[in-house]
Amino acid sequence: MDSDTNEAAQTMAEAEYDVVIAGGGVNGLACAATLARKGLHVCVVERNPWVGGGAVTREVTLPGFKHDLYGSSHVWIQCNPDFKEIRPELEQMGLKYIEPTDHITGHPDKNGGPGIVIYKSIDKTCASISAYSQKDADRYRAVYADFEQVREGFIKAFFSPPAAPSALASALETSEVGLRRLREFSMSARAWVETNFENDFVKAVMLNWALAPQILPDQEGAGQSFYIMIPAIHYYGQAIPEGGSMELPNAMARFVEAKGGTVRREAPIAGFLIEGGRAAGVRLEDGSIIRARRAVVSALEPKQTFLKFVGEEHLEPGFAAMVRSFSFGKISICRAQLALSEAPEFLNGADMSACPFHRIVDSMEQMINFYAEIATGKPPSDPFLWSACWTKLDPTRAPEGKHTLIVDTYVSNWLADGRTWDEIGEDYARNVLIPKLQQYAPNINEKTILGLYVQHRQTLEDANPSFVDGTTNGGERIAAQLGAFRPFPGYAHYRSPVEGLYMTGPHCHPGGGISAAGTITARVMLDDMGIEPADFW
């Protein structure tokens, strides 16, 4: 081999950047974009031929029908201050958000009531709730009003490293009013709705909202979520990217490249380079090396990051034990992706049908029975449903006049009878999910369903190794894995025990959902590097 060829081979085998990020999901790319914007030379490596992680759009039913396979509702990202700074440039890269201006979420009622519609307008929403109970409508309005008092503090806390466990209690324990609020925050979601609302249907609707982050009804410490979940939808809406959820990471990747960075697809890592106790880059499965002059970031879940790609020989035994015991929980999903000849028409009228998103629940009894079946490894016999017909907002996602629909529910990721979701998933979607939907939208039937694709534990695991055991929330949201304990005590500030190796992703604070929280990791790094002081210490 001559010298020129030898030099070219060495260049292909080993490259160098300021920062190397493993994982091209939304959080990894948000971290990369924030760093690149401050002048750092960044490389993102992604195992798939595409970027996106949990924000992926695919034509899985029929040509021309674009389905969001995982995350699809972009609520929390709208209040991320660092994302707001780069959003104009992302829009130049092709990102276009579509926001509902009126109808947001529908809660149909098959038992004689009119159903509840959550509008952008708090007044119209409370009017809808008042058909069931004026007292409950007034309580909903009061929770919304409370949010205005804490909104700035919420945003700062949500998009900063988590505070000490004692911080909230210390702030509230000095007055009777504060102690009452602290008591509410300490309640389970079920106890909170039983205490605050009187109508059974309203209670079920509110409980369903609170359990969206995959918490359990009787899990203590969930009361505070109501003061965020209820008002946020009115403040921040429920925007979606035109063309599919994947347009967000696609725009972020283009942004990074426009700033001189690199986004390498089909580049699975084989391990992190640890030299002298410090993270020095990544080694890819093809043998090539990508070195990092200043830092490495893992956007992968912690068991892959530390046990597989760092290696226990570089970890303290106590830390390795914490990684092994990190819990992803037992809740997965079963989802039907439908290609439709027409949009769903709900029995509760035009306003209900105008909503692009629906949370379908009947009663508190149904909710409690549902979670009892999950706890015992049984496929829920009478599930609540979430459905999203995003083509009502974004007709570019389907051929003219046609629609896509997501219909899903939570399920246990294990089955007591020994079967697997690979064996029963499609049957469950056809014979439980779709018939349940037809109780509220009877026009969704064999005539209007043009194509079907079913997702469940096995398809999730196969698609993304970070969907451990078919879970999608980055780690169980229990008290021992939230705030200063997420992902591990002493490491909640996005720095790992390996010098120069940082963490981002839904296993870190604030958790799952499309929030672009990788910006927080980037701000910690910029502060550590002396490039830009952070305002949250």
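Residues numbered from 1 in each chain as written. Predicted model: local features only at pLDDT ≥ 70, side-chain atom pairs only at ≥ 80, totals over all residues. Heavy atoms only, no water.

With reference to specific residues and values, describe the layout of surface pockets.
Its boundaries defined by the atoms lining it, the second largest pocket holds a volume of some 230 Å³. Along the wall of the second largest pocket there are 18 residues; nearest its centre are L216, G329, K330, I331 and E476. Sorting elements by how many residues they give to the lining of the second largest pocket places helix 15 (residues 364-375) first, with 3 residues. For the lining of the second largest pocket, a count of residues per class yields 9 nonpolar, 6 polar and 3 charged. (1 Å grid on protein atoms, 1.4 Å probe; cavity = no way out; pocket = protein on both sides within 12 Å on 5 of 7 lines; lining within 4 Å. Points joined across faces, edges and corners; volume = space filled by probe spheres on them. Helix = DSSP H or I, 4+ residues; strand = E, 2+ residues; numbered from the N terminus. Nonpolar A, V, L, I, M, F, W, Y, C, P; charged D, E, K, R; others polar.)

Requested: an account of the nonpolar core, with residues and values cited.
Within the largest apolar cluster, 142 residues are counted, with the highest numbers of intra-cluster contacts made by V19, M206 and F272. If we ignore the near neighbours within four places in the chain, the residues touching M206 are I129, Y140, V193, F197, F226 and I230. Listed in part, the 29 residues of the second largest apolar core include C389, L437, I449 and V454. (Core = buried A, V, L, I, M, F, W, Y, C linked by side-chain atoms within 4.5 Å. Buried < 20%, exposed > 50% of the residue type's maximum accessible area, 1.4 Å probe, protein only. Contact = heavy atoms within 4.5 Å.)

Describe in detail helix 13 (residues 317-325), supporting the description with residues and values.
Residues of helix 13 that are buried include every one of F319, A320 and V323, and no others. Take helix 13 and look down its axis: the buried residues cluster within an arc of 100°, on one side only. When the buried face of helix 13 is taken as reference, the exposed residues oriented beyond 90 degrees from it are P317 and S325. On the buried face of helix 13, the contacting elements are helix 12 (302-310). (Arc of directions from axis to C-beta.)

Any details on the packing of helix 2 (residues 26-37) against helix 18 (residues 518-528)? Residues and values, ideally.
The interhelical angle for the contact between helix 2 and helix 18, taken along N-to-C directions, is 40°, at an axis separation of 7 Å. One finds that helix 2 runs oblique with respect to helix 18. The handedness of the crossing between helix 2 and helix 18 is right-handed. Facing helix 2, whose interface residues are N27, A30, C31, T34 and L35, helix 18 presents G518, T519, T521, A522, M525 and L526. Residues belonging to the contact of helix 2 with helix 18 are distributed by class as follows: 6 nonpolar, 5 polar and no charged. (Axes fitted to C-alpha atoms, helices over the stretch in contact; angles between N-to-C directions. Parallel < 35°, antiparallel > 145°, perpendicular 65-115°, else oblique. Left-handed = near helix turned anticlockwise from the far one by under 90°.)

Describe the pattern of salt bridges, listing the residues and the values that go with them.
Applying the stated criterion across every chain yields a total of 35 salt bridges. Here R87 makes a salt bridge to E91, at a shortest N to O gap of 2.9 Å. On the criterion of helical spacing, the pair formed by R87 and E91 is a turn pair, its members being 4 residues apart in helix 3 (residues 81-92). With a relative accessible area of 19%, R87 lands in the buried category. (Salt bridge = Lys/Arg side-chain N within 4 Å of Asp/Glu carboxyl O.)

Run through the pairing of strand 14 (residues 357-360), naming residues and quoting values.
Residues F357 and R359 of strand 14 are buried on one face, and the alternating residues H358 and I360, pointing to the opposite face, are buried as well. Here 4 bridges tie strand 14 to strand 15 (residues 385-388), and the two strands are oriented antiparallel to one another. The partner of I360 across the bridge, within strand 15, is L385. (Pairing = 2+ DSSP bridges.)

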